[in-house]
Structures are given as structure tokens and as C-alpha cells.
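The primary structure of each chain is shown beneath.
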Amino acid sequence: MSNTLPIQPIETDWDRAPGVLDGAAELELTPGQCDLPYWFEHVAGTMLRRLSDGTVKDAGPTELVRAPGPLRDAVIDEFAFRHLAEEKATRALCYLVNSAPDSECLEFFTTQLVDEARHARAFRDHLLTLGVPADELARTVREVAGQAAAEVLDPLEEFGLTVLRDQGDFYGGVLALTVLVEGVLAPAAELSERKWRLLDPGAALVERGANMDEIRHLAVGSAIVRQRLLDHPEDTDRLLDVIRRGRELWTSLPMERVLYRRETLFQEGLKDAAGLLGDYEVWEGRRLVDTTAEERMATAASWSERTQDTRLRYMLLDGAVG
């Protein structure tokens, strides 16, 4: 009998999983590879088990973030918004599961639905860790992020449901989720993970776990659309139109204002965090303490564009690049 342990896939390994940018450029996965047995063994059985048994440490927020002030306000603002976003993604995925054309897609999107519900809970639970009372949690989320959700998340949700639920376009729905949701929000979450790594290691861990899942979702969603266009190239113009309409909607939404408020709070808190952060670099060659709100926003936007363009080329939708 061999004593060799099964190899953990790199995308579900806390120690080896790539960041969003590298994963978007390099990782290739299909729904057949990421089926229910895969999820039970490698996500629930190993990735999540290591988190629950303490082998992946959750150090929680530092006192700088626990104390009332701009850093605490910034992370509460972000995690309340992310909680609502993940809840909406969970509900939308019900339609992808329902309209899945084969067993492989049905199993994969069932696991993604559970992943997004887990993320919503993780963001919500971290608000409790920050000291938001449990009986005030729902009200706090509404007060902090309700308006931003109404202005940004509701229109995105309606667009996706129009494509998937009303038009019955499964592949258009996958594309919208992959490019306009995962491809936009995941790079911003990558920046968030890096920003909070020293200030609130618990927040960074939540982001790290969510990002590991999102890379997998991005890779599989892209593979589904790519295979569809290899088999049915006549669908190209229709899917390009989905991207065009989705991007027009995205540019009309006040996401920049939402992010600027959050980054301004973070910037104010940086003044008190210089001693803790020291020479820590948020990206190569750039110390976090030296960055500005505008610079971080511009960097996240460039990462998002790069991620989207990489995946669009992979999906044979070069006409949407640039």
C-alpha cells in the first residue's frame, strides 16, 4: 500500500494558490474537473478543513482596526458591501443551476452557489469580529452599504437576470458573471487582501479564501464559454453584444464614488498605521504607506482590465478586448 498523499490542486492550496492576476492569466479548469467529488475532497475536505482546524491561522484585526476610527469604518464599509454582493451572486446562481445544459455544468454551478453563500457568511461574520453587535448586524449592513447596493449591485443583478432568466441565455449569463462580476470585482478583492494583510489579518484571510474560489470560478466559466464558441462560432456576435451592453451599464454606475469613499477612509487611517506597516509593499516597489486613494483605485482598475482582457481572449472574444 502506498503512503503517498494525494496532491492538492494548486488552486485550492492555501500555501501555493496564485493570486487573482496570475490565476486569471494561467489557470485552466473545466466544469468536468471541478465536479462535486472535486469540491468535497479539495475544497470542503482540505481547503476549508485547514481553516476550521486552525492550521491556517486567523489572527483577527489589530487594535488599530478594532478601535473606532477610519480604518474600522473602511473595512466595515467594504465587508458590508461585499456581503450584499455575495448574497446577490448566490441568488443569481440558482438560475444557472436551473438552466445548466449538462450534468457537469449543473454540478459546478451548484458548488459555486455554495461558495458564494459561504463568502456572504464570511464577510458578515467578520463584521461581528470587528465588534458589530449581532442584533444590529442587519441594520448596520443596510445603513452602511444599502445605498451603494441599490445604485451598483441592483442594476448589475437586473442585467444578469434579464440575460439569463428573461432571455434564457445560459452562456450569456455565464459570460456576464465571469467578465462583469468575477472579472471586475476579483482584482479589487486582490488589492483588498494586500491592503489588510498587516492591519487586519482576519480580513485578509477572508479575502484570500474568497479569491481562491473566484479564480476557480473565473477559470471554469471561461472554459464553458470557450467550448461553446468552439462548437458554435455563430454565437460569437450574440455574446459580444452581451459584453458590450454589460460594459455600457458598468460605466454608468457610480462604483468609482463608492470606492473613493472607502479608499478615502483607508487613506485617513494610514496616517496612524505607518509604524505598523513600515516598508511593507502593497505591490512590487510601492510601499502601502506611500500610496494614495486615487493610485490604489487606478491600480485596481488596471488589474481588472488586464484580467478581463486575458479571459476574453481565452474565450475567443477578442472583439471585446480594448
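Residues numbered from 1 in each chain as written. Predicted model: local features only at pLDDT ≥ 70, side-chain atom pairs only at ≥ 80, totals over all residues. Heavy atoms only, no water.

## Remarks on the state of the cysteines
Defined simply, a disulfide is a covalent bond joining two cysteines at their sulfur atoms. Here is the rule we go by: Cysteine sulfur atoms are paired as a disulfide whenever they come within 2.5 Å of each other. Exposure classes here rest on a 1.4 Å probe applied to the protein chains alone. A residue is buried below 20% of its type maximum, exposed above 50%, and partly exposed in between.
Taken as a whole and assessed by the stated rule, the structure comprises zero disulfides. This cysteine, Cys 34, is not joined by any disulfide, and Cys 105 carries the nearest cysteine sulfur, 11 Å off. Using a relative accessible area of 1% as the deciding quantity, one classes Cys 34 as buried. Judged by relative accessible area, Cys 105 falls into the buried class, the value being 4%.

## Section: the nonpolar core
Definition in use: Residues belong to a common nonpolar core when they are buried Ala, Val, Leu, Ile, Met, Phe, Trp, Tyr or Cys residues joined through side-chain atoms within 4.5 Å. For helices the rule is a DSSP run of H or I covering at least 4 residues; for strands it is a run of E covering at least 2, with both sets numbered from the N terminus onward. Pairs of residues are marked as contacts when any of their non-hydrogen atoms sit within 4.5 Å.
Within the largest apolar cluster, 92 residues are counted, with the highest numbers of intra-cluster contacts made by Phe 109, Leu 127, Phe 170, Leu 175 and Trp 196. The leading source of residues in this core is helix H8 (residues 201–231), at 13 residues. Once residues within four sequence positions are removed from consideration, Phe 109 is found in contact with Leu 93, Leu 96, Val 97, Phe 170, Val 174 and Ile 224.

## Comments concerning the packing of aromatic side chains
Where we set the bar: Under the pairing criterion, centres of Phe, Tyr and Trp rings, with the six-membered ring standing for Trp, must be within 6.5 Å; the plane angle then separates stacked pairs below 30 degrees from edge-to-face pairs above 60, leaving the rest tilted. Only when the NZ atom of a Lys or the CZ atom of an Arg is both within 6 Å of the ring centre and within 35 degrees of the ring normal do we say a charge sits over the ring.
Taken as a whole and assessed by the stated rule, the structure comprises seven aromatic pairs. With centroids separated by 5.9 Å and ring planes inclined at 85°, the aromatic side chains of Phe 109 and Phe 170 adopt a geometry described as edge-to-face. Within this pair, whereas Phe 109 is found in helix H5 (residues 103–129), its partner Phe 170 is found in helix H7 (residues 170–196), the two being separated by 61 residues in sequence. Residue Phe 109 is classed as buried on the basis of its relative accessible area, which comes to 1%. Residue classification places Phe 170 among the buried residues on the basis of a relative accessible area of 6%. Measuring from centroid to centroid gives 5.0 Å for Phe 170 and Tyr 171, while their planes differ by 85°, and the two rings are edge-to-face. Each member of the pair, Phe 170 together with Tyr 171, is buried. Ring-pair connections join several aromatic residues into one group, and the members of that group are Phe 108, Phe 109, Phe 170 and Tyr 171. Of note, Lys 195 hangs over the ring of Phe 266, and the distance from its end group to the ring centre comes to 4.5 Å. The ring of Tyr 314 has Arg 311 lying over it, and the distance from NZ or CZ to the ring centre is 5.1 Å.

## With respect to a nonpolar patch on the surface
Short version of the rule: Patch members must show over 30% relative accessible area and no salt bridge, and they are joined within 9 Å when carrying like charges or within 5 Å when they are nonpolar side chains of Val, Leu, Ile, Met, Phe, Trp or Tyr. For every accessible area listed, the method is Shrake-Rupley and the probe measures 1.4 Å; residues are considered covered only by the protein chains on display. Criterion for a salt bridge: a side-chain nitrogen of Lys or Arg within 4 Å of a carboxyl oxygen of Asp or Glu.
The grouping of Leu 64, Leu 198 and Leu 276 at the surface amounts to a nonpolar patch, some 210 Å² of accessible area in total. Locating Leu 198 in the fold gives a position in the loop between H7 and H8.

## Side note on the packing of H8 against helix H11 (residues 293–314)
This is how it is decided: In this description, a line fitted to the C-alpha atoms serves as the axis of each element, helices being fitted only across the stretch in contact, and the angle between N-to-C directions of two axes falls anywhere from 0 to 180 degrees. Under the convention adopted here, Pro, Cys and the residues Ala, Val, Leu, Ile, Met, Phe, Trp and Tyr are nonpolar, Asp, Glu, Lys and Arg are charged, and Gly plus all remaining residues are polar.
Interaxial distance between H8 and H11 falls to 9 Å at its minimum, and their mutual angle equals 35°. For the pair H8 and H11, the contacting residues are Leu 218, Ala 219, Ser 222, Ala 223 and Arg 226 in the first and Thr 307, Arg 311 and Tyr 314 in the second. Its residues placed into classes, the contact of H8 with H11 shows four nonpolar, two polar and two charged.

## Focus on the pattern of salt bridges
Following the criterion strictly, the structure yields 34 salt bridges and no others. With a shortest N-O distance of 3.0 Å, Asp 213 and Arg 118 are connected by a salt bridge. Here Asp 213, found in helix H8, pairs with Arg 118, found in helix H5; they are 95 residues apart in sequence, far enough to count as distant. Judged by relative accessible area, which is 22%, Arg 118 ranks as partly exposed. Note that Glu 151 is salt-bridged to Arg 257, the shortest N-O span being 2.9 Å.

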